[in-house]
Each structure stands twice: as C-alpha cells, then as structure tokens.
Amino acid sequence: MKRVALLGATGSIGRQALEVIAGRDELELVAASSGSTPIDDLAPLTQVGGDLTELLEQAEPDVVLNAVVGFAGLPATFWTLERGVDLALANKESLVAGGDLATAAWGRGRGRLLPVDSEHSAAFQLLDGRAAETVDSLVLTASGGPFRGRSRAELADVTAADALEHPTWRMGQKITVDSATLMNKGLELIEAHFLFDLPYERIEVVVHPTSVVHALVRLRDGAALAHLGYPDMRVPISYALTYPERAATPIEPLHLAGGLTLEFEAPDVDAFPCLAMARTAGETGDTAPCVLNAANEVAVAAFLEGDLAFLGIADVVERTLARVECAPARDLKELAAVDAEARRIASELTRQLVH
Ligand code: NAD
Ligand code: MG
C-alpha cells in the first residue's frame, strides 16, 4: 500500500488524481486539501486552506501529489523534498520560483521527484537510466494554445473566454492562460532545467498542435526518442503515483492505422514574448524566475478578471523583471519576500496599464 497525500484535490489535476487513486487498490488516499472548497469526506484527514505542511506532518504519506496552483505550492514541495518523501509534482511553480532551494532540499532528502507535468513525465521516462553524456538535448512540445497562428496585432483584443478555449487540454484557468501566452512552456523550460540538470541551451521548445508527442530526447548518435500518447493527464498522474510499477490505465491506445500525422513548427517569438522572457529569466538565475512567476500570477489573475489586456500580461512581467533586483535566496522565507515584492510591483504596474 502507498499512502497518498493529495494537495489541490478539487482542481483539474486533483480530480483526475482522485480517479486514478480510486482505480488502484494499492493507492490509499490518507489526506487531501483544497484552497477554499469544503472537502470533508474526501479523505481521513482533510484541510481547507492554511499551512499544508501541518496536514503533511499528520498524514505521514509515502507520496505527496502536489497539485496546488501557483507559489502557494512551495512550502509543501520543500517539506516533502527535505524529508525524502516521494513527491509527485504537478505544481511546476515550485521549481520555477524555488528551483535552487528545491533541488538542494531534494539532494539532502534523497527521495524521488516524479514530474506530473506531461512533458516532464515523458522526458523523465526518456532519460531514465541513460548516461548524461549520450544526451544532446531535450525537446519540449507546446500545443501553441488557442491563439497559434495569430499575429501580435491579432492578439490585442482577445478575451479571457477566448484564452480559456484550449485546443487539446482541459485544465485549470491559470495554466490555460499560461498556455495561450506560451508562458506555460517558459515555466516548463525552467522546470526541466532543474528536474534534469540540463543547461538551458540544451532544452528546445517546438510547437506541435495535437499534443500527441509530449517530449523528445536527442542523443549524440543522431537518434531522437519520442514519447507519444493522447493528451490525458491521468497517464502521467498514474505513472508518478505507481512508479516504478507503471500500472495499467483505461486510456485509449494510440490509433495509428487511422492515419496519424505529426506536425511541428517553431514558436512565434513576436506574438508570444513570454517564452523568451522565461528563458532569459532562467539563464539569469537567482530570484529572476521567482519574479517572473510572481508577476505572471498577478497579470494572469488581472487578465481573467477582465482588468488587463492579453498583451498586457507580457508587459507586466517584463516591467516587473526590470524593477526587482535579483539575488540568491537563502531560504523559503527570503524567497517569499521576493515573491511578495514582485507581486506588489506587478499589481502597481497592472493598475498603471489599466488607467
Ligand atoms: P486548478 O486551478 O484546477 O486547481 C488548483 C488546486 O489548488 C485547487 O484544488 C485549489 O483549491 C488549490 N489551491 C489554489 N490556491 C491555493 C492556496 N493558496 N492554498 C492551497 N490550495 C490552493 O489547477 P490545475 O490545472 O489542477 O493545476 C494545478 C498545478 O498543476 C499547476 O501548477 C499547474 O501548472 C499544474 N499542471 C496542471 C495541468 C492540468 O492539466 N491541469 C497539467 C500540467 C501541470
Ligand atoms: Mg505541461
């Protein structure tokens, strides 16, 4: 039996995780949390809001599935990594905002860090057991989101409702907007850098509209290995929770004989500047990715409220990065202070852009 603590149980990943857990006798849900929705009967231990590390202390889980959205997921990630408890990580913001500290905690705790993000789950499987010197680069695929093919000018008037119409994935609102700006792929670039210890110049991003290929690894002999499957988060969730067994799932196998065509193209850097901004923040290091993440969370929330234009998201992030000085953070407390400062400035800039 594996004791599972599920954080963010009411979200898109959380609900799919509940389905996976219910389908496996060897997975026992011992604790669950939500941000604000009551979840009284979901698990023996439940918590709504508050400090999630208190719930984890009580639950004594074998694996923590962190499916909280945003910076709020960091304390639970750090708690889990530090103690060497296995972490199934959907909360990519943990590695974006706190990558240096998180990997240091992971090194001390020596537990497993199993990515739930589909591209990273694929990359993990492609890289598992492979000698580092044989790997040339990692390729992350992006669907391109609902606005793929539009020019910058054509993005000026798009609304939150337009952005929430994702072509291939059904997800929470924040990540769906991140997919529309391509910031999601920028966050994933930073996530991959920390997960797989790869320098940024060896991580590529390519647009692949149907999201069937989740990632590729290019090897030094010229071979490229790809991971394929229909876009369904229950696969990476199940993989992470049942690792290393790789349990069966009810997901439909790839239908090849029906004529499967795979298309790839370069991302449009003019229309979607967030991707390059995230790459630069990642290369800058220290707290730059933390500032990028905080500004993005503020800007996306304002866009969803209808208070900020779509193109304003990249503006707010860029200007916030220019205003907040970056330095190494020594602990979560320092990181939280940088996050708060970046949010304050991003909120101020958002108000200026609106008026
Ligand atoms: P969601 O908005 O649907 O759900 C978020 C969950 O977090 C909810 O249960 C909510 O109650 C909880 N939560 C929100 N704020 C909180 C707070 N301050 N404290 C405690 N709990 C809080 O989001 P989602 O789409 O399920 O995404 C969750 C994470 O997984 C994100 O980091 C996202 O980037 C990542 N992810 C999601 C998908 C997907 O398909 N949805 C795919 C890959 C990665
Ligand atoms: Mg992803």
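In case you missed it, the structure is sitting above this.
Everything quoted here is computed from the prediction, not taken from an experiment.

Conventions adopted
- In this convention, every chain numbers its residues from 1, walking through the sequence in written order.
- Just so you know, chain letters begin at A and ligand numbers begin at 1, following the order they were written in.
- pLDDT decides what is reported in this predicted model: residues at 70 or higher carry local features, side-chain atom pairs at 80 or more are listed and counted, and totals for whole chains, interfaces and linings draw on all residues regardless.
- The basis for the side-chain values is all heavy atoms of the structure; hydrogens and waters are excluded.
- Donor atoms are limited to N, O and S found within 2.8 Å of the metal ion, a distance that becomes 3.2 Å for Na, K and Ca. With water left out, some sites might look partial.
- With a 1.4 Å probe rolled over the protein chains alone, any residue whose accessible area is under 20% of its type maximum counts as buried; one over 50% counts as exposed, and the rest are partly exposed.
- Secondary structure follows DSSP: runs of H or I at least 4 residues long count as helices, runs of E at least 2 residues long count as strands, and numbering of each begins at the N terminus.
- We call two N or O atoms a polar contact when they sit within 3.5 Å, provided that within protein one can donate a hydrogen and the other can accept it, with sequence-adjacent residues counted only if both atoms are side-chain atoms.
- In this analysis, two residues are considered to be in contact whenever any of their non-hydrogen atoms come within 4.5 Å of each other.
- Orientation is described by lines fitted to C-alpha atoms, with helices fitted over the stretch in contact, and by angles between N-to-C directions that extend from 0 to 180 degrees.
- Residue polarity is assigned by list, with Asp, Glu, Lys and Arg as charged and Ala, Val, Leu, Ile, Met, Phe, Trp, Tyr, Cys and Pro as nonpolar; anything else, Gly included, falls into the polar class.
- We define the nonpolar core as a collection of buried residues of types Ala, Val, Leu, Ile, Met, Phe, Trp, Tyr and Cys that are connected through side-chain atoms lying within 4.5 Å of one another.
- We define proximity as follows: a residue is near a molecule or strand when any one of its heavy atoms falls within 4 Å of that partner.
- Exposure was quantified through the Shrake-Rupley algorithm and a 1.4 Å probe, taking into account, for residues, occlusion by the shown protein chains and nothing else.
- Oblique is the label for every angle not falling under 35 degrees (roughly parallel), over 145 degrees (roughly antiparallel), or within 65 to 115 degrees (roughly perpendicular).
- Between Lys or Arg on one side and Asp or Glu on the other, a salt bridge is scored when a side-chain nitrogen of the former is within 4 Å of a carboxyl oxygen of the latter.
- The patch calculation keeps residues exceeding 30% relative accessible area without a salt bridge and links them within 9 Å when they carry like charges or within 5 Å when they are nonpolar (Val, Leu, Ile, Met, Phe, Trp, Tyr).
- Expected helix span is computed as 1.5 Å times (number of residues minus one).
- Only strands joined by at least two bridges in the DSSP assignment are considered to pair.

Engineer: Is there a simple way to explain the coordination of the magnesium ion (ligand 2) in this structure?
Structural biologist: Reference values for angles at a metal are 109.5 degrees in the four-donor tetrahedral case and 90 or 180 degrees in the six-donor octahedral case. Summarising the metal site, the magnesium ion (ligand 2) is bound by the protein donors Asp117 (OD), Glu119 (OE) and Glu188 (OE), whose distances to it range over 2.0 to 2.2 Å. Mapped onto the sequence, the donors of the magnesium ion (ligand 2) take the spacing D-x1-E-x68-E. The pair Asp117 / Glu119 is uniform in exposure class, with both members buried.

Engineer: In this structure, what is going on with unusual backbone geometry? I would like to understand it.
Structural biologist: Only a minority of non-glycine residues have a phi that is not negative, and only a minority of peptide bonds are not trans. Put simply, Tyr243 and Pro244 share a cis peptide bond, and its omega is 0°. You can see Pro244 is positioned in the loop between helix H9 (234-242) and helix H10 (274-284). Even without a glycine there, the phi angle at Glu60 is positive, about 45°. Not every positive phi belongs to a glycine, and Ser211 is a case in point at roughly 55°. The residue Ser211 is located in the loop between strand E8 (203-207) and strand E9 (213-219) in this model.

Engineer: Is there a simple way to explain the side chain of Thr53 in this structure?
Structural biologist: Here Thr53 shows up in helix H2 (residues 52-59). In this structure Thr53 comes out as buried when scored by relative accessible area, which is 15%. Within the structure, the side chain of Thr53 is placed 2.7 Å from the side chain of Asp51, a separation counted as a polar contact. Not counting residues within four places of it along the chain, the set of residues in contact with Thr53 comprises Pro75, Ala76 and Trp79.

Engineer: In this structure, what is going on with the packing of H10 against helix H11 (residues 288-304)? I would like to understand it.
Structural biologist: Relative placement of two packed helices is described by the angle separating their axes and the distance separating the axes. Across the interface, H10 lies against H11 with an axial gap of 7 Å and an inter-helix angle of 145°. Along its contact with H10, which presents Met277, Ala278, Ala281, Gly282 and Thr284, the element H11 presents Ala288, Pro289 and Leu292. For the contact of H10 with H11, the residue count by class is six nonpolar, two polar and no charged.

Engineer: Just to check I follow, could you spell out the nonpolar core for this structure?
Structural biologist: It is characteristic of soluble globular proteins that their nonpolar side chains tend to be buried jointly. Ranked by internal contacts, the top residues of the largest apolar core, which has 117 residues, are Leu138, Phe196, Ile237, Leu241, Leu292 and Phe310. Setting aside chain neighbours within four positions, we find Phe310 in contact with Phe147, Leu155, Val158, Ala180, Thr181 and Phe303.

Engineer: Hey, could you run me through the site of ligand 1 in this one?
Structural biologist: As a structural note, the neighbourhood of ligand 1 is formed by 21 residues, with Thr10, Ser12, Gly35, Glu93 and Gly172 the closest of them. The separation between an oxygen atom of ligand 1 and a polar main-chain atom of Gly8 is 3.2 Å. Within the backbone of Gly35, one N or O atom sits 2.7 Å away from an oxygen atom of ligand 1. If ligand 1 stood free it would expose 820 Å²; the protein chains cover 83% of that surface. When the residues that make up the shell around ligand 1 are grouped by side-chain class, the tally is ten nonpolar, eight polar and three charged.

Engineer: Sorry, what's going on with the packing of helix H7 (residues 173-181) against H11 here?
Structural biologist: Running from N to C, H7 and H11 cross one another at 100°; their axes reach a closest spacing of 10 Å. With respect to H11, the element H7 is oriented roughly perpendicular. Residues Gln173, Lys174, Val177 and Asp178 of H7 lie in contact with H11, whose contacting residues are Asn293, Asn296, Glu297, Val300, Phe303 and Leu304. When grouped by side-chain class, the residues that make up the contact of H7 with H11 number four nonpolar, three polar and three charged.

Engineer: Mind showing me how you'd approach the pattern of salt bridges here?
Structural biologist: One side chain can pair with another of opposite charge once the charged atoms of both are near each other. Counted according to the given criterion, the structure contains 20 salt bridges. Its salt-bridge partner being Glu188, residue Lys92 comes within 2.9 Å of it at the nearest N-O pair. With Lys92 in the loop between strand E5 (86-89) and helix H4 (93-109) and Glu188 in helix H8 (residues 183-196), the pair connects residues that are 96 residues apart, well separated along the chain. The two residues Lys92 and Glu188 agree in class, both being buried.

Engineer: Sorry, what's going on with a nonpolar patch on the surface here?
Structural biologist: A cluster of nonpolar residues, Leu228, Leu256, Leu260, Leu262 and Phe264, forms a patch on the protein surface that exposes about 410 Å² of accessible area. Within the secondary structure layout, Leu256 lies in the loop between H9 and H10.

Engineer: Sorry if this is basic, but what is going on with H11 here?
Structural biologist: Because an α-helix completes one turn every 3.6 residues, residues spaced three or four positions apart along the sequence face the same direction. Compared with the 24 Å implied by 1.5 Å per residue over 17 residues, the 24 Å span of H11 between its first and last C-alpha is a close match. In the segment just after H11, Gly306 is the residue with positive phi, at about 85°.

Engineer: Help me out: how do you make sense of the sheet that holds E5 in this one?
Structural biologist: Strands pair in a sheet through their backbones, by hydrogen bonds, and they do so in one of two ways: parallel or antiparallel. As summarised here, the arrangement of the six strands in space is E3-E2-E1-E4-E5-E6, forming an open sheet in which the pairing is parallel. Each having just a single partner strand, strand E3 (45-48) and strand E6 (113-115) make up the two edges of the open sheet. Adjacent strand axes in the sheet meet at a mean angle of 20° when their direction is disregarded. Pairing analysis gives three bridges linking E5 to E6, with the strands arranged parallel. Its bridge partner lying in E6, Leu87 is registered against Leu113.

Engineer: Would you mind showing me how to read the sheet that holds strand E10 (residues 224-228) here?
Structural biologist: The four strands are arranged E8-E7-E9-E10 in an open sheet whose pairing can be described as mixed. At either end of the open sheet lies a strand with only one pairing partner, and these are E8 and E10. Geometrically, the sheet is characterised by an average inter-axis angle of 20° between neighbouring strands, direction not taken into account. When E9 meets E10, the two strands line up antiparallel, connected through five bridges. Of the residues in E10, the one forming a bridge with Val217 is Leu225. Each of strand E7 (135-142), E9 and E10 touches helix H5 (residues 118-127); the most contacted strand, E9, lies at about 35° to it.

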